[in-house]
Amino acid sequence: MAKQPVDYEAQLAGIADQFKMVRILDEEGNVVNPDIMPDLTDDQLVELMKRMVFSRTLHERSMAYSRQGRLGFYAPTYGQEASQMASSYAFEEGDWLFPGYRDIPELVAKGLSIEKAFHWSRGHVDGNRYPEGLNAMPPQIIIGAQLMQGMGNAVGQKLNGSKNVSYTYTGDGGSSQGDSYEAWNYAGRFKAPIVFFIQNNGFAISTPRFKQSAAKTLAQKAVAAGFPGVQVDGNDALAVYAVAKQAREWVAAGNGPVLVETITNRLGAHSTSGDDPKIYRTKEDIELWTSREPLIRYRAFLENKGLWDEKTETEYVESLKEEIQEAIKAAEAEPKQKVSDFLKYMFENPGQNIKEQIAIFEAKESD
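The structure displayed is predicted, hence computed values, not measured ones. (Residues numbered from 1 in each chain as written. Predicted model: local features only at pLDDT ≥ 70, side-chain atom pairs only at ≥ 80, totals over all residues. Heavy atoms only, no water.)

Some words on the sheet that holds strand E3 (residues 194-200)
An order of E1-E2-E3-E7-E6 is seen for the five strands of this open sheet, with the pairing classed as parallel. The outermost strands of the open sheet, each flanked by one partner alone, are strand E1 (96-98) and strand E6 (229-233). Going from strand to strand, the sheet's axes swing by 20° on average, the running direction of each strand aside. Along the sheet face, helix H3 (residues 81-88) touches strand E2 (166-171), E3 and strand E7 (258-263) and points at about 175° away from the line of E2. (Pairing = 2+ DSSP bridges. Helix = DSSP H or I, 4+ residues; strand = E, 2+ residues; numbered from the N terminus. Axes fitted to C-alpha atoms, helices over the stretch in contact; angles between N-to-C directions. Contact = heavy atoms within 4.5 Å.)

Listed below in structure tokens is the structure:
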């Protein structure tokens, strides 16, 4: 039989070999790849830990408030602290953030008040009113749509000669959306200054990663769009920061976009809307990934350097709880929305029938 013109097996294997996972810390917090250690001061290393502890504390309080009926929709972030907070720490104040609904911690780190974050979860319009100078969009509920928005903004930044970049997040499920592929294709074609993060947390609601795509990695999806992709240990804060920092520098230099896949795990439900992970996950799987969660290894790393201890963390968590408690009280004190306001916000130039409805509701609301 004549030799085939293409060795398909070798081609598939070769692609996967190009995307070896980047790691700096092992699961015990030991440095295993010192050559790529990011150049961070001791204060910056501690600040990164504080951001991750904040994210964990906000998650725990938000879950409690949700069970109490004080919050509406909430997407847990337990287990993804390094993926979210270490990556966002690599960007600058003038850069634009386009988050998904699980990315509240990055928004708060960017400058959004916790109160406004709670307004968003409660469905209040004030959760979408951002102060001037906060370069971020509200969390996107439509899966993958934030990638299109971020790409469009990045192209605009390039045309305007901006030195800043855009960055956006989705999950492994979002990487299967048509919007994502369109955003990558267009961004690659026009060398948009944007970093795309795929937080591969293992599940798109209840659908495991291996059922979503035959691709060996999600990072390799960048290849078809003509730009670099990299896979990183998403539970290794130092590796995530190093990869995100390099990606930002690459896109800021005008080289076009980068796709970063962070390998992490969602250690809770998909959201507070009734999902039960025990139905589609095993106890052993959850326990394994819990033992790998990011705060354990980064805490060990800092403790070995004498930069962190249990007392410091306990005191910091208590101060955060007080701050978060004040934020939920402020959110609950905000006047409730009116139906007439919904109509006013929806239509810039309401027709006669809408004007009549507004008048009817305003009359009822004034009673």
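Having seen it, we continue.
Points about the side chain of His 270
Checked against the element boundaries, His 270 lands in the loop between E7 and helix H10 (283-291). At 2.9 Å, the side chain of His 270 and the side chain of Tyr 101 are in polar contact. Excluding its chain neighbours within four sequence positions, the residues that come into contact with His 270 are Ala 75, Pro 76, Tyr 101, Arg 102, Ile 205, Asp 275 and Tyr 280. (Polar contact = N/O pair within 3.5 Å; in protein donor to acceptor, adjacent residues only side chain to side chain.)

Focus on unusual backbone geometry
For Lys 191, which is not glycine, the phi torsion reads 50° and is therefore positive. At Ile 205, a position not held by glycine, the phi torsion is positive, near 55°. On the secondary structure map, Ile 205 appears in the loop between strand E4 (203-204) and strand E5 (207-208).

Examining the domain arrangement of the protein
Assigned domains of the protein: these are domain 1 (14-335) and domain 2 (337-366). Once you take the C-alpha centre of each, domain 1 and domain 2 turn out to be 38 Å apart. (Domains from an automatic or database assignment.)

Quick word on the packing of helix H2 (residues 42-67) against H3
Helix-helix packing: each pair is described by the crossing angle between the helix axes and the interaxial distance. Packing of H2 against H3 leaves a shortest axis separation of 9 Å and a crossing angle of 135°. Classified by the interaxial angle, the pair formed by H2 and H3 is oblique. For the pair H2 and H3, the crossing hand works out as right-handed. Facing Leu 48, Arg 51, Met 52, Ser 55 and Arg 56 of H2, the residues of H3 in contact are Glu 81, Ala 82, Gln 84, Met 85 and Ala 86. (Parallel < 35°, antiparallel > 145°, perpendicular 65-115°, else oblique. Left-handed = near helix turned anticlockwise from the far one by under 90°.)

Some details on the nonpolar core
Of all hydrophobic cores here, the largest spans 62 residues; its most connected members are Phe 118 and Tyr 298. Looking at this core element by element, the count peaks at 10 residues for helix H9 (residues 237-252). Not counting residues up to four positions away in its chain, the partners in contact with Phe 118 are Leu 58, Ser 62, Tyr 65, Leu 71, Ile 324, Ala 327, Ile 328 and Ala 331. Listed in part, the 16 residues of the second largest apolar core include Ala 154, Ala 183, Phe 227 and Leu 259. (Core = buried A, V, L, I, M, F, W, Y, C linked by side-chain atoms within 4.5 Å. Buried < 20%, exposed > 50% of the residue type's maximum accessible area, 1.4 Å probe, protein only.)

What about the environment of Val 251?
Mapped onto the elements of the fold, Val 251 is located in helix H9. For Val 251 and Trp 308, which are 57 residues apart along the polypeptide, the C-alpha to C-alpha distance reads 34 Å. Not counting chain neighbours up to four residues away, the residues in contact with Val 251 comprise Val 165, Pro 193, Ile 194, Val 195, Gly 256, Pro 257 and Val 258.

Some points on a nonpolar patch on the surface
Where nonpolar side chains cluster on the molecular surface, the patch consists of Val 339, Phe 342 and Tyr 345 and spans about 280 Å² of accessible area. Position of Val 339 among the secondary structure elements: in helix H13 (residues 339-346). (Patch = residues over 30% accessible without salt bridge, like charges linked within 9 Å, V, L, I, M, F, W, Y side chains within 5 Å. Areas by Shrake-Rupley, 256 points an atom, 1.4 Å probe, with all protein chains shown as cover. Salt bridge = Lys/Arg side-chain N within 4 Å of Asp/Glu carboxyl O.)

Here's the deal with the UniProt feature "domain: Dehydrogenase E1 component" (unreviewed entry) in the protein
In this structure's numbering, the residues bearing the UniProt feature "domain: Dehydrogenase E1 component" (unreviewed entry) are residues 49-339. Helix makes up 46% of residues 49-339 and strand makes up 11%, while its end C-alpha atoms are separated by 43 Å. (UniProt positions renumbered as here; feature names shortened; annotations may be inferred.)

Quick look at the packing of H2 against helix H11 (residues 294-304)
At a minimum axis distance of 11 Å, the contact between H2 and H11 shows a crossing angle of 150°. As summarised for this structure, H2 and H11 are arranged roughly antiparallel, according to the angle between their axes. For the pair H2 and H11, the sense of crossing is left-handed. Listed contacts from H11 to Leu 45, Leu 48, Met 49, Met 52, Val 53 and Arg 56 of H2 are Leu 295, Tyr 298, Arg 299, Phe 301 and Leu 302. Classifying every residue of the contact of H2 with H11 gives nine nonpolar, no polar and two charged. (Nonpolar A, V, L, I, M, F, W, Y, C, P; charged D, E, K, R; others polar.)

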